[in-house]
Amino acid sequence: MRSEPCGVIRLSCPIGLLNFHVGNMLADFMTLYPKVTVELDATNRRVDVLNEGYDIAIRVRPFPLEDSGLVYKVLSRREQCLVAAPSVLETYGAPKQPADLTRFPSMVRDMPNEQHQWHLLNERKERVTIELQPRYLTTDMLALKQAALKGVGVVQLPTLMLQTHLESGELVHLLPGWKPETEVIHCVFPTRRGMLPSVRALLDFLAERYAQIAET
């Protein structure tokens, strides 16, 4: 228990985050610690950490983080932006202010029963909320990016996963003076007291790897 991390870690992680970052991190961690077994639940649902017996749940939420009675460890802050394909701008024109977004077809990373909004903030800390009637709803970020590239509509996604397409001109950054809410990638877990070495090692490993990623 006090030497090399070993045993089973039960972990949940959102699918998009798993595909984009965490999958490779977990593979590297398990290579580093061959006595560790990981039981991973790749899911976008909100798991009940205590009642379902998870050691760690990775979540992405805007600040402030809710008081759930769980301990949390921040891994990274994730900037987002609004983007669309050039063909969308040719059809609808370029938005000049947030209110203009209501005339565009929108896509959101939501469930159908949720309230669909974009919350935008400018440099003067002025905040606006845009009510949406999206034509595409899914919790899969990759599917939304693919649809954006095809010209389906405007979408809000993490900036880091869009850099290549923004540089190539396949996607255009809309309203750069207005930023969507910054999301926080974090781990929640029951307690620090009595934590298994393997769980502590994974938390530290994820924090170290995310510290190496320059979120822009």
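Student: Would you mind showing me how to read the pattern of salt bridges here?
Tutor: Any two side chains of opposite charge can pair, on the condition that their charged atoms come close. Throughout the structure, instances matching the rule amount to 11 salt bridges. Here Glu-4 and Lys-35 are joined by a salt bridge, their closest N and O atoms 3.6 Å apart. Here Glu-4, found in the segment before strand E1 (7–13), pairs with Lys-35, found in the loop between helix H1 (15–32) and strand E2 (36–42); they are 31 residues apart in sequence, far enough to count as distant. Across the pair Arg-124 and Glu-126 runs a salt bridge whose closest N-O atoms are separated by 3.1 Å. Residues joined by salt bridges that share partners form a network here, namely Asp-41, Arg-45 and Glu-52.

Student: It is not clear to me how H1 should be interpreted in this structure. Could you clarify?
Tutor: Helical geometry: 3.6 residues make up each α-helical turn, so side chains three or four residues apart lie on a common side. Along H1, the sharpest change in direction is near 60 degrees and occurs at His-21. Buried residues of H1: Gly-16, Leu-17, Leu-18, His-21, Val-22, Met-25, Leu-26 and Phe-29, and no others.

Student: Please explain unusual backbone geometry as it appears in this structure.
Tutor: Phi is mostly negative for residues that are not glycine, and the peptide bonds are mostly trans. One non-glycine residue, Lys-125, lies in positive phi territory at about 70 degrees. Within the fold, Lys-125 resides in the loop between strand E7 (117–121) and strand E8 (127–131). Here Lys-125 falls in the exposed class, since its relative accessible area comes to 64%. A positive phi is found at Leu-175, a non-glycine position, where the angle reads about 45 degrees. With respect to the element layout, Leu-175 can be found in the loop between strand E11 (172–174) and strand E12 (179–180). Leu-175 gets classed as buried once you look at its relative accessible area, which sits at 7%.

Student: Any chance you could explain the sheet that holds E12 here in plain terms?
Tutor: The pairing of strands in a sheet comes from backbone hydrogen bonds and takes either a parallel or an antiparallel form. The 3 strands lie next to each other as E8-E7-E12, forming an open sheet whose pairing is antiparallel. Of all strands in the sheet, those with a lone pairing partner are E8 and E12, marking the two edges. In terms of strand pairing, E7 meets E8 through 5 bridges, oriented antiparallel. Counterpart to His-119 in the pairing with E8 is Thr-129.

Student: Can you help me understand the sheet that holds strand E4 (residues 71–78) in this one?
Tutor: Here 5 strands make up an open sheet; going across it, the order is E2-E1-E3-E13-E4 and the pairing mixed. Looking at which strands have only one partner, the edges of the open sheet turn out to be E2 and E4. Across the sheet, the mean angle from the axis of one strand to that of its neighbour is 25 degrees, orientation sign disregarded. For strand E3 (residues 56–62) and strand E13 (residues 183–189), the ladder comprises 6 bridges, and the chain directions are antiparallel. Looking at E13, one finds that Val-60 is bridged to Ile-185. This element, H1, spans E1, E2, E3, E4 and E13 of the sheet and lies at about 175 degrees to E2. Packing against the sheet, helix H5 (residues 197–211) makes contact with E1, E2, E3, E4 and E13, and its axis sits at approximately 20 degrees to E4.

Rules and cut-offs
Residues numbered from 1 in each chain as written. Predicted model: local features only at pLDDT ≥ 70, side-chain atom pairs only at ≥ 80, totals over all residues. Heavy atoms only, no water. Salt bridge = Lys/Arg side-chain N within 4 Å of Asp/Glu carboxyl O. Helix = DSSP H or I, 4+ residues; strand = E, 2+ residues; numbered from the N terminus. Bend = angle between axes of the 7 residues up to and from the residue. Buried < 20%, exposed > 50% of the residue type's maximum accessible area, 1.4 Å probe, protein only. Pairing = 2+ DSSP bridges. Axes fitted to C-alpha atoms, helices over the stretch in contact; angles between N-to-C directions. Contact = heavy atoms within 4.5 Å.

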